[in-house]
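This is what each chain is made of:
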Number of protein chains: 2
Amino acid sequence: MEEESQIIKGKYAADISSIKEAHDRIKSLILKTPVLSSASLDAMSGRQLHFKCENFQKGGAFKFRGASNAVFSLNDEEASKGVITHSSGNHAAALALAAKLRGIPAYIVIPKNAPTCKVENVKRYGGQVIWSEANMRSREEVANKVWQETGAIFIHPYNDGRILSGQGTISLEFLEQAPQIDTLVVPISGLFTFLCQSISQKCFKICFAFGIPLLIFQQMKTAGGGLISGVALAAKSINPAIRILAAEPKGADDAAQSKAAGRIITLPETNTIADGLRAFLGDFTWPVVRDLVEDIITVEDSEIIKAMKLCFEILKIVVEPSGAIGLAAVLSETFQKNPAWKDCKHIGIVVSGGNVDMAVLWDSLKK
Amino acid sequence: MEEESQIIKGKYAADISSIKEAHDRIKSLILKTPVLSSASLDAMSGRQLHFKCENFQKGGAFKFRGASNAVFSLNDEEASKGVITHSSGNHAAALALAAKLRGIPAYIVIPKNAPTCKVENVKRYGGQVIWSEANMRSREEVANKVWQETGAIFIHPYNDGRILSGQGTISLEFLEQAPQIDTLVVPISGLFTFLCQSISQKCFKICFAFGIPLLIFQQMKTAGGGLISGVALAAKSINPAIRILAAEPKGADDAAQSKAAGRIITLPETNTIADGLRAFLGDFTWPVVRDLVEDIITVEDSEIIKAMKLCFEILKIVVEPSGAIGLAAVLSETFQKNPAWKDCKHIGIVVSGGNVDMAVLWDSLKK
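What counts, and at which threshold
- Residues numbered from 1 in each chain as written.
- Chains lettered and ligands numbered in written order.
- Predicted model: local features only at pLDDT ≥ 70, side-chain atom pairs only at ≥ 80, totals over all residues.
- Heavy atoms only, no water.
- Helix = DSSP H or I, 4+ residues; strand = E, 2+ residues; numbered from the N terminus.
- Buried < 20%, exposed > 50% of the residue type's maximum accessible area, 1.4 Å probe, protein only.
- Polar contact = N/O pair within 3.5 Å; in protein donor to acceptor, adjacent residues only side chain to side chain.
- Contact = heavy atoms within 4.5 Å.
- Expected span 1.5 Å × (residues − 1).
- Salt bridge = Lys/Arg side-chain N within 4 Å of Asp/Glu carboxyl O.
- Pairing = 2+ DSSP bridges.
- Phe/Tyr/Trp six-rings, centres within 6.5 Å; stacked < 30°, edge-to-face > 60°.
- Lys NZ or Arg CZ within 6 Å of the ring centre and 35° of its normal.
- Axes fitted to C-alpha atoms, helices over the stretch in contact; angles between N-to-C directions.
- Disulfide = S-S within 2.5 Å.
- Core = buried A, V, L, I, M, F, W, Y, C linked by side-chain atoms within 4.5 Å.
- pLDDT = per-residue confidence, 0-100.

Caption draft 1: The arrangement of the side chain of A:Lys52 in detail. Residues and elements named next belong to chain A. Tracing the sequence through the fold places Lys52 in strand β2 (residues 48-53). The exposure class of Lys52 is buried, given its relative accessible area of 0%. Reaching out from Lys52, the side chain makes a polar contact with the side chain of Gln177 at a distance of 2.8 Å. Setting aside residues no more than four positions away along its own chain, Lys52 makes contact with Lys32, Thr33, Pro34, Val35, Arg65, Ile170, Glu173, Phe174, Gln177, Ile349, Val350 and Val351.

What follows is the structure, given as structure tokens:
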């Protein structure tokens with residue numbers, strides 16, 4: 001039986017009602033992803049771990065939940081002009097796929113330096129790729145121009161209640177599949193510090209040391225707290241006692257810094273190859289993170305790599321760095337040695353996505 | 001409602017009753033593995049594909065089903081002395097795990113040249129590793145010696161009714177999870193022609209051409225037709241109209257040759273590094289393959305590699321070569337152009353396992 005939330009309706013950009021409505025809207029479109037477990041990983045962590053495999057979701061990441069909810073929330077008149085976004089992450093592909101299923105155009109503004117696999121994903125789902133320069137200003141300008149020309153509806157990757165509600169459907173499924181869960185560990189945005197195009201010697205050495213294939217270290221694609229906000233709002237409504245922990249890379253701990261400061265902190269902007277994909281907390285997601293997320297566990301890149309290797313070798317699943325960070329957090333000393341988390345016995349880990357570009361990996365290796 | 005089989009009880013080493021008994025015995029031990037699907041792969045194959053992910057099974061392969069059925073079939077007196085097998089494949093690890101769960105010793109005779117990951121798996125599950133030379137004679141001699149010393153029960157990897165019954169439980173789950181399946185494609189034994197220790201230049205080139213990480217091309221671990229025999233016996237009993245197709249590598253097509261000749265054909269024995277792992281049809285499995293398997297589709301190694309890549313990139317799962325061969329068969333010209341298979345609309349593919357050794361891969365690359 002569900003214990004209804006004390007979360008006040010309207011306080012946040014989504015609530016249990018909008019999340020349930022989203023689920024009714026999209027459940028025939030999305031995949032109800034399986035929950036995996038492993039006795040070996042349970043032994044390693046000293047807890048019972050439950051992995052919600054959103055890497056198997058359509059489009060290879062949880063993003064399709066929010067995107068399909070947004071696209072199918074539009075009325076026919078709105079929808080007829082299509083949708084637009086600027087992103088070269090999983091949101092772009094997810095939006096293209098959702099638009100394709102609705103039979104409407106999707107205009108996707110992509111920075112020139114985006115990884116090939118991402119661009120191909122967008123094209124595969126019928127999205128119309130429109131190029132921009134590799135900085136946020138250019139992306140917004142190009143998107144604005146396309147909007148003026150087409151009248152398409154702009155769908156923000158995370159600062160949108162429909163997106164949050166869509167992502168929140170993960171909790172509805174997860175807590176039904178594994179109702180014993182007392183703690184959820186969910187990735188939160190940040191820039192993964194290894195980038196494929198500027199991959200460092202150190203990264204190569206670490207990979208060799210751990211004996212893992214050098215994956216494409218694209219940035220974290222959890223983008224702006226949309227995932228954890230939706231998941232937290234639904235989970236806390238279903239079970240107010242559940243603990244929500246965020247997992248964030250140390251090299252880009254804007255969420256942890258924001259939580260500590262009590263306000264949104266954005267890290268100094270850089271114009272690296274991956275700048276366009278960088279995401280900070282938005283005004284729709286920050287209040288949820290501030291109020292409902294108990295703590296943010298930051299982990300080193302080396303811990304994320306180890307966790308990716310465990311996902312490959314033990315769970316037999318392909319994950320991107322953000323997909324492995326929840327496991328990395330649970331195995332980290334920070335978590336293991338903190339008495340506050342001693343009572344976390346059944347931990348639900350959201351494996352956010354599995355889009356890694358093996359071709360680019362081999363290109364990097366051949367250089 | 002189940003349509004009961006016309007398969008005569010006692011004709012084969014297992015039947016629907018022994019398979020249902022096995023399921024009752026092991027269902028609390030095994031993982032009910034999920035069934036995945038992909039719109040992209042459906043489009044590529046022109047069919048609806050359903051992947052039964054035994055790579056997620058405990059021990060990383062379907063073998064745990066048969067091994068746990070065998071171990072838990074023993075009475076207490078038999079069990080007290082432990083179990084023994086000679087194998088360095090997935091059966092060894094599966095038997096060690098099953099024995100551990102029953103709290104009895106497992107003596108595993110392993111050839112000296114076995115891949116490290118396999119040996120580690122056996123040790124991880126508490127199996128007692130006993131080394132032999134890398135040929136079948138030595139393995140049998142060592143196993144015999146251990147048997148004389150311990151009185152442990154020998155559990156053959158496939159030529160055993162309890163093993164067949166355990167593997168057959170896959171069909172009980174699969175046809176309940178995806179009852180629309182009209183065709184099952186299942187790997188059949190054979191020696192995968194790429195071996196990690198003798199990995200060829202050609203193999204490297206193919207991998208680079210397809211942009212995939214060079215996995216450890218260990219031999220096929222489907223071992224002797226145990227998987228397809230169990231799966232066919234159960235599936236044909238549940239739905240006599242279902243088609244059972246086997247998938248076999250062209251470079252080791254002993255099953256196809258046997259089927260064509262109407263008798264067991266064993267390929268000339270070699271004493272390569274992987275000789276000990278080679279498996280041919282046994283007298284328990286051959287009658288099932290002869291009578292119930294409609295055809296054997298042989299595929300090139302390059303097709304298996306392509307299919308592994310698709311499993312990684314699209315399904316986001318880690319598979320060993322034998323785990324990908326079913327998909328390779330369905331995508332092959334042999335299958336696609338054969339009018340006999342035109343009516344196969346809902347194809348169930350058994351993904352047999354996911355044990356690939358990434359550390360050895362990197363060792364190979366660094367040489």
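There's more to say after this.
Caption draft 2: Examining helix α8 (residues 161-177) of chain B more closely. In a regular helix each residue adds 1.5 Å, so 17 residues correspond to 24 Å; α8(B) covers 25 Å between its end C-alpha atoms and thus fits that length. Of all 17 residues that make up α8(B), 14 are buried, and the element is covered over most of its length.

Caption draft 3: Representation of unusual backbone geometry within the structure. Here the phi dihedral of A:Lys316 falls at roughly 65°; this positive angle occurs in a residue that is not glycine. Looking at the element boundaries, A:Lys316 is found in the loop between α13 (301-315) and α14 (321-331).

Caption draft 4: Region of interest: the pattern of salt bridges. Residue and element names in this part refer to chain A. One pass over the full model with this rule turns up 30 salt bridges over all chains. Asp76 is the partner of Arg102 in a salt bridge, and the nearest nitrogen-oxygen pair spans 2.8 Å. Of the two residues, Arg102 sits in helix α5 (residues 90-102) while Asp76 sits in helix α4 (residues 76-80), which places them 26 residues apart along the sequence. Of the residues examined, Asp76 reaches a relative accessible area of 62% and is grouped as exposed. Put simply, Lys145 and Glu149 hold a salt bridge, and the shortest N to O gap is 3.5 Å. Taken together, the positions of Lys145 and Glu149, both in helix α7 (residues 136-150) and four residues apart, correspond to about one turn of that helix. Side by side, Lys145 and Glu149 carry an identical accessibility label, which is exposed.

Caption draft 5: Spatial organisation of the sheet that holds strand β9 (residues 295-299) of chain A. All names here are of chain A. Taken in spatial order, the six strands make up an open sheet running β1-β2-β10-β7-β8-β9, and their pairing is mixed. The strands lining the two open edges of the sheet, one partner per strand, are β1 (35-36) and β9. Where β1 lies against β2, two bridges are found, and the strand directions are antiparallel. Within β2, the position partnered with Leu36 by the bridge is Phe51.

Caption draft 6: Inspection of the side chain of B:Thr183 at higher detail. All names here are of chain B. The topology assignment puts Thr183 in strand β7 (residues 183-187). Since its relative accessible area comes to 0%, Thr183 is described here as buried. A distance of 2.7 Å separates a polar atom in the side chain of Thr183 from a polar atom in the side chain of Asp182. Leaving out residues up to four positions away in the same chain, Thr183 has contacts with Ile242, Arg243, Leu245, Cys344, His346, Ile347 and Gly348.

Caption draft 7: Structural view of the packing of aromatic side chains. Scanning the model with the defined rule gives four aromatic pairs over all chains in all. Here the aromatic rings of A:Phe312 and B:Phe312 are separated by 6.3 Å at their centres, their planes lie at 50°, and the arrangement is tilted. With one member in each of two chains, A:Phe312 in helix α13 and B:Phe312 in helix α13 (residues 301-315) form a pair that bridges those chains. Accessibility classification places A:Phe312 together with B:Phe312 in one group, the buried group. Each ring, one from B:Phe335 and one from B:Trp341, has its centre 6.5 Å from the other, and the planes form 5°; the classification is stacked. Owing to a relative accessible area of 0%, B:Phe335 belongs among the buried residues under this scheme. Using a relative accessible area of 4% as the deciding quantity, one classes B:Trp341 as buried. One residue, A:Arg124, lies across the ring of A:Tyr125, its end atom 6.0 Å from the ring centre.

Caption draft 8: A look at the sheet that holds strand β1 (residues 35-36) of chain B. All names here are of chain B. Taken in spatial order, the six strands of this open sheet run β1-β2-β10-β7-β8-β9, and their pairing is mixed. Lying at the two open borders of the sheet, with one neighbouring strand each, are β1 and β9 (295-299). With five bridges connecting them, strand β8 (residues 243-249) and β9 associate as parallel partners. Each residue of the ladder has a partner; that of Glu248, found in β9, is Thr298. Against the sheet, α13 makes contact with β1, β2 (48-53), β8 and β9, and its axis sits at roughly 90° relative to β9, the strand it touches most. Contacting β2, β7, β8, β9 and β10 (346-351), helix α14 (residues 321-331) crosses the sheet at an angle of about 155° to β10.

Caption draft 9: Spatial organisation of the state of the cysteines. Residues and elements named next belong to chain A. The final tally for this structure, using the stated rule, is zero disulfides over all chains. Not part of a disulfide, Cys311 finds its nearest cysteine sulfur in Cys53, a span of 8.4 Å. Here Cys311 falls in the buried class, since its relative accessible area comes to 0%.

Caption draft 10: Fine view of the nonpolar core. Counting 63 residues, the largest nonpolar core has A:Ile317, B:Phe51 and B:Ile317 as the members making the most contacts within it. When residues of this core are assigned to their parent elements, the largest contribution, seven residues, is made by α13(A). Aside from chain neighbours lying at most four places away, what touches A:Ile317 is A:Leu36, A:Cys53, A:Asn55, A:Phe56, A:Cys311, A:Phe312, A:Val351, B:Phe56, B:Lys316, B:Ile317 and B:Val318.

Caption draft 11: Geometry of the confidence of the model for chain A. Residues and elements named next belong to chain A. Put simply, chain A has an average pLDDT of 83, and 82% of its residues get 70 or more. Predicted confidence is poor over residues 190-223, with pLDDT under 50, and the contacts of this stretch with residues over four places away or in other chains come to 112 contacts. This stretch, residues 269-278, has a pLDDT under 50; its non-local contacts, to residues over four places away or in other chains, come to 31 contacts. Both scores are given for the predicted complex: the pTM is 0.85, the ipTM 0.83.

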